[in-house]
Amino acid sequence: MDLATLWFWIVGFLFIGYFVLDGFDFGVGMSLPFLGKDDTDRRVLINTIGPVWDLNETWVIVAGASLFAAFPEWYATLFSGFYLPLLLILLALIARGVSFEYRHQGKGLRWTRWFDGMIVVGSAVPALLWGVAFANIVQGVPMDADHTYLGTLFDLLNPYALLGGITTLLLFFTHGVGFVALKTDGEVRVRARRLATRAGLVTILAAASFLIWTDLAHGTLASWLLSAVAAVLLIAAVFANARAAERTAFALTAATIGFAVLALFSALFPDVMPASNDPANSLTIANASSTPYTLTVMTWVAGFALPVILAYQAWTYWVFRRRITRSLIPAA
């Protein structure tokens, strides 16, 4: 395996890390209207991700930086052609982060509800648009010979991409509600477990439809196998959640996300962004990558840095492993 191919899969690994970790943050944020019966419940939900949400979010920065350094042509085409959707994702993430910090300032009920709404929207918009973006990457977009995107925003909102967005929205929601069941106790935990089961059933239908469509149109043997594994894991997660095996259920939804992303990258390989109008204009691993020297330096840096990052994140989750209950929430 050459270094360009290696970095294609490293970028895939970084996006898996981002979608698994920030994915449950999105799910928790979207669950506020469903699980937060009062302000204390909503504070319990937010506190489940309070110590880790910003750390989880840094994965997208690392993934974007790696994409820029390893595949500058891919980065340039993606961030120019998908400028508006990515800008909306960025604005939503900013609104969500601000809301976490400002909702508890004690300015009144209207103030709190306003920021709670921003948390919900700031979680749902990225969950939807990341699926739309990756579906378009796999499907391909119109490009000229200079790899410039020729379409519009509405071209990105095609049926296949919208199904991809709905799939990620539902999958992250199920993943996040499962995290709530894992991290809370009492009535919130019971409600979260019930909601995760119901949401999981709907997610199975959406995810199965999207992955089958992907593999029928763009699939390889590897993507078919990975999609099948993802489907089995998601079904197993719903059963585990129904049996109150919360750790197992959360691990299974995390694995589902991982295998689903691997299936998409396998369907994409060896392209990084196909041209839907003319295959000759497609970006591939070979014509989009940096020089061998750049990739060599990046590989050495990643070899030292990634284990440290993973160890630090694991330690953080260990420190904040305790369940959150209503009794731990101080009076407003």
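Structure report, in brief. The structure presented is a predicted model; accordingly, all values stated were derived computationally and were not measured. (Residues numbered from 1 in each chain as written. Predicted model: local features only at pLDDT ≥ 70, side-chain atom pairs only at ≥ 80, totals over all residues. Heavy atoms only, no water.)

## Some points on the overall build of the chain
And then number 1: For the chain, the helix and strand inventory stands at 14 helices and two strands.
And then number 2: If one aligns the C-alpha atoms of the chain with their principal axes, the spans along those axes are about 60 × 40 × 35 Å.
And then number 3: When burial is assessed residue by residue, the chain has 52% of its 332 residues classed as buried.
And then number 4: Sequence-distant contacts, at least 24 apart, represent 79% of the contacts inside the chain between residues at least 6 apart.
And then number 5: Surface summary for the chain: the accessible area is close to 15200 Å², and the carbon and sulfur share equals 71%.
And then number 6: Positive and negative side-chain charges of the chain, numbering 20 and 20 respectively, have mean locations separated by a distance of 20 Å. (Helix = DSSP H or I, 4+ residues; strand = E, 2+ residues; numbered from the N terminus. Buried < 20%, exposed > 50% of the residue type's maximum accessible area, 1.4 Å probe, protein only. Contact = heavy atoms within 4.5 Å. Areas by Shrake-Rupley, 256 points an atom, 1.4 Å probe, with all protein chains shown as cover. Lys, Arg positive; Asp, Glu negative; His and termini not counted. Charge placed at Lys NZ, Arg CZ, Asp CG, Glu CD.)

## A word on the pattern of salt bridges
And then number 1: Scanning the model with the defined rule gives eleven salt bridges in all.
And then number 2: Between E187 and R191 there is a salt bridge, and its shortest N-O distance comes to 4.0 Å. Here R191 and E187 lie together in helix α10 (residues 187-218), a separation of four residues that amounts to about one turn.
And then number 3: With relative accessibility at 15%, the residue R191 sits in the buried group.
And then number 4: For R189, the salt bridge is made with E246, and the minimal N-O distance between the two is 2.8 Å. With R189 in helix α10 and E246 in helix α12 (residues 246-268), this residue pair connects regions lying 57 residues apart in the sequence.
And then number 5: Linked by salt bridges that have partners in common, D185, R189, R193, E246 and R323 make up one network. (Salt bridge = Lys/Arg side-chain N within 4 Å of Asp/Glu carboxyl O.)

## A closer look at the environment of P274
And then number 1: With respect to the secondary-structure elements, P274 resides in the loop between β1 (271-273) and β2 (283-284).
And then number 2: Of the residues examined, P274 reaches a relative accessible area of 13% and is grouped as buried.
And then number 3: Not counting chain neighbours up to four residues away, the residues in contact with P274 comprise I137, V138, G140, V141, M143, L268 and S282.

## Some details on unusual backbone geometry
And then number 1: With an omega of 5°, the peptide bond running from F269 to P270 counts as cis.
And then number 2: Here P270 is to be found in the loop between α12 and β1.
And then number 3: Positive phi values are uncommon outside glycine, yet A244 reaches one of about 65°.
And then number 4: Note that A244 resides in the loop between α11 (221-242) and α12.

## Overview of the packing of helix α6 (residues 83-102) against helix α7 (residues 109-139)
And then number 1: Axis separation between α6 and α7 bottoms out at 8 Å; the angle between their running directions is 150°. Considering only the axes of α6 and α7, their crossing is left-handed. Judged by residue contacts, P85, L86, L88, I89, A92, L93, A95, R96, V98, S99, F100 and Y102 of α6 engage W111, F115, M118, I119, G122, S123, V125, P126, L129 and W130 from α7.
And then number 2: Of the residues in the contact of α6 with α7, the class split is 18 nonpolar, three polar and one charged. (Axes fitted to C-alpha atoms, helices over the stretch in contact; angles between N-to-C directions. Left-handed = near helix turned anticlockwise from the far one by under 90°. Nonpolar A, V, L, I, M, F, W, Y, C, P; charged D, E, K, R; others polar.)

## A closer look at the side chain of D41
And then number 1: As for its position among the elements, D41 is in helix α3 (residues 39-49).
And then number 2: Side chain to side chain, D41 and R191 meet in a polar contact 2.8 Å long.
And then number 3: The contacts of D41, once residues within four sequence positions are left out, are L35, G36, V188, R191 and R326. (Polar contact = N/O pair within 3.5 Å; in protein donor to acceptor, adjacent residues only side chain to side chain.)

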